[in-house]
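Structure at a glance
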Amino acid sequence: MSGLAMGRAPGVPPGVGVGPGPCREFGGSGSGGSEGQGRVLPGGEGCSGPAAGRCGSGLAVRGMSPVAHAVLCLSSRVVEIQSQMSERAVELLGLPEDRACLLLDVGCGSGLSGDHISEEGHYWIGMDISPAMLDVAVEREVEGDLLLADVGHGIPFRPGMFDGCISISAVQWLCNADKKSHSPPKRLYRFFSTLYTALARGSRAVLQLYPENSEQLELITAQAMRAGFTGGMVVDYPNSAKAKKFFLCLFVGPSGTLPKGLGTECASEEPHQAKFTNERTRFRNVKGKSVKKSRDWILEKKERRRRQGKEVRADTKYTGRKRRPRF
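On a predicted model such as this, the values are computed, not experimentally measured, just so you know. (Residues numbered from 1 in each chain as written. Predicted model: local features only at pLDDT ≥ 70, side-chain atom pairs only at ≥ 80, totals over all residues. Heavy atoms only, no water.)

Description of the packing of helix H2 (residues 76-93) against helix H3 (residues 112-119)
Under the convention used in this document: Axes here mean lines fitted to C-alpha atoms, for a helix over just the part in contact, with angles spanning 0 to 180 degrees between N-to-C directions. By the criteria applied, helices consist of DSSP H or I runs no shorter than four residues and strands consist of E runs no shorter than two, each listed in order from the N terminus. We call two directions roughly parallel when the angle between them is under 35 degrees, roughly antiparallel when it is over 145, roughly perpendicular when it lies between 65 and 115, and oblique otherwise. Here a crossing is taken to be left-handed if its near helix is turned anticlockwise relative to the far helix by less than a right angle, and right-handed if that turn runs clockwise. Any two residues whose heavy atoms approach within 4.5 Å at even a single point are treated as in contact. Think of it as three bins: nonpolar holds Ala, Val, Leu, Ile, Met, Phe, Trp, Tyr, Cys and Pro, charged holds Asp, Glu, Lys and Arg, and polar takes everything else, Gly as well.
It is at 9 Å that the axes of H2 and H3 come closest, and there the two elements cross at 50°. As judged from the angle between their axes, H2 and H3 are oblique. H3 is crossed by H2, and the crossing has right-handed handedness. Each of Val-79, Gln-82, Ser-86, Glu-87 and Val-90 in H2 lies in contact with H3, whose residues at this interface are Leu-112, Ser-113, His-116 and Ile-117. A breakdown of the residues in the contact of H2 with H3 according to their chemical character gives four nonpolar, four polar and one charged.

Some points on the pairing of strand S9 (residues 245-251)
Condition: Working definition: with a 1.4 Å probe on protein chains only, accessible area under 20% of the residue-type maximum means buried, over 50% means exposed, and in between means partly exposed. Any two strands with at least two DSSP-identified bridges between them are counted as paired.
The buried fraction of S9 is high, at six of seven residues. In this structure, strand S7 (residues 199-209) lies alongside S9, joined through six bridges in antiparallel fashion. Bridge pairing links Gln-208 to Phe-247 in S9.

Quick look at the sheet that holds strand S5 (residues 145-148)
What the seven strands build is an open sheet, ordered S5-S4-S3-S6-S7-S9-S8; its pairing is mixed. Lying at the two open borders of the sheet, with one neighbouring strand each, are S5 and strand S8 (230-236). Neighbour to neighbour, the strand axes of the sheet diverge by 20° on average, direction disregarded. Two strands pair when backbone bridges link them, and strand S4 (residues 123-128) and S5 are joined in this way by four bridges, in the parallel orientation. In the strand pairing of S5, Gly-126 is matched with Leu-146. Running over the sheet, H2 touches strand S3 (102-106), strand S6 (162-168), S7, S8 and S9 and is turned about 150° from S6. Of the strands in this sheet, S4 and S5 touch helix H4 (residues 131-139), which is tilted by about 165° from S5.

Here we look at the pairing of S3
Stated precisely, the cut-off is as follows: Assignment of crossover handedness uses the view with strands pointing away from the viewer, where a clockwise path from the first strand over the helix to the second indicates a right-handed crossover.
Buried residues dominate S3, accounting for four of its five residues. Strand direction decides the pairing type here: S3 and S4, joined by five bridges, are parallel. Note on S4: the bridge partner recorded for Leu-103 is Trp-124. Since S3 and S4 lie parallel, the crossover through H3 that links them has a hand, and here it is right-handed. Across four bridges, the pairing between S3 and S6 is parallel. What sits directly across from Val-106, in S6, is Ser-167.

Below, the structure is given as structure tokens:
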């Protein structure tokens, strides 16, 4: 099923609205798919979102089958974002170019991340806690192997089997206690310790996540370091509220050089000494800011958008030039 439905899918009751964006409430108890997270309710109720019958994507799900819910959550925008994060995660792995590698995809969901891995010429095995999302992956005929499992119980593979591991928007759900028996620190340590064993010496694990707060981020990194990993956090576009992405880059064995995050070049290239120029100093307002709509104001705005990772036209001598009125 390569066509990701945006209209009404089989099993969707009349009157159910479809909203854009990824569902973050569908897929399992803390370690589910990256395209959807949460819990599957018994009796075909669908998703147990926090807003009384609506999931985080704005999609009403009462009475909807889990498979239909999963299909509707896969909008074209979700596919685009998922592909970009998967491409970045594989890039941070630093895989050799002369041979194919075997990778583990934690929280593989419908297999969108695995599609990019296959395009790069590598093999992969995906784990997910959601049967509905894995059913979508089977219907899409992904090239990787699929395993229904809760990663909070550990990675059930032999030692040194994988050359790398990626995970897109899944690991943070291990911080949730969906059952009385769930202990987030213990589940995280079980996941990281068995992942460390399953990875080959000298390999990496790149885990993209959305931490709710700094305490959750510290909990995840602390359990990873306790399991034996080295490394740290790579933040792409740190100055942007929307484009900011967190990648936990972990090393098995000797600690390597931590990659630099995207969108940080502008800040690092600024000189730390006085800059002398023969350009004319333009007027500024009382608060020290450039006059609105002036050339300096436009250049400062364009520079802010560049730091946020957005596409901006190049600066020319015509930037900010006022046009003559025509009669």
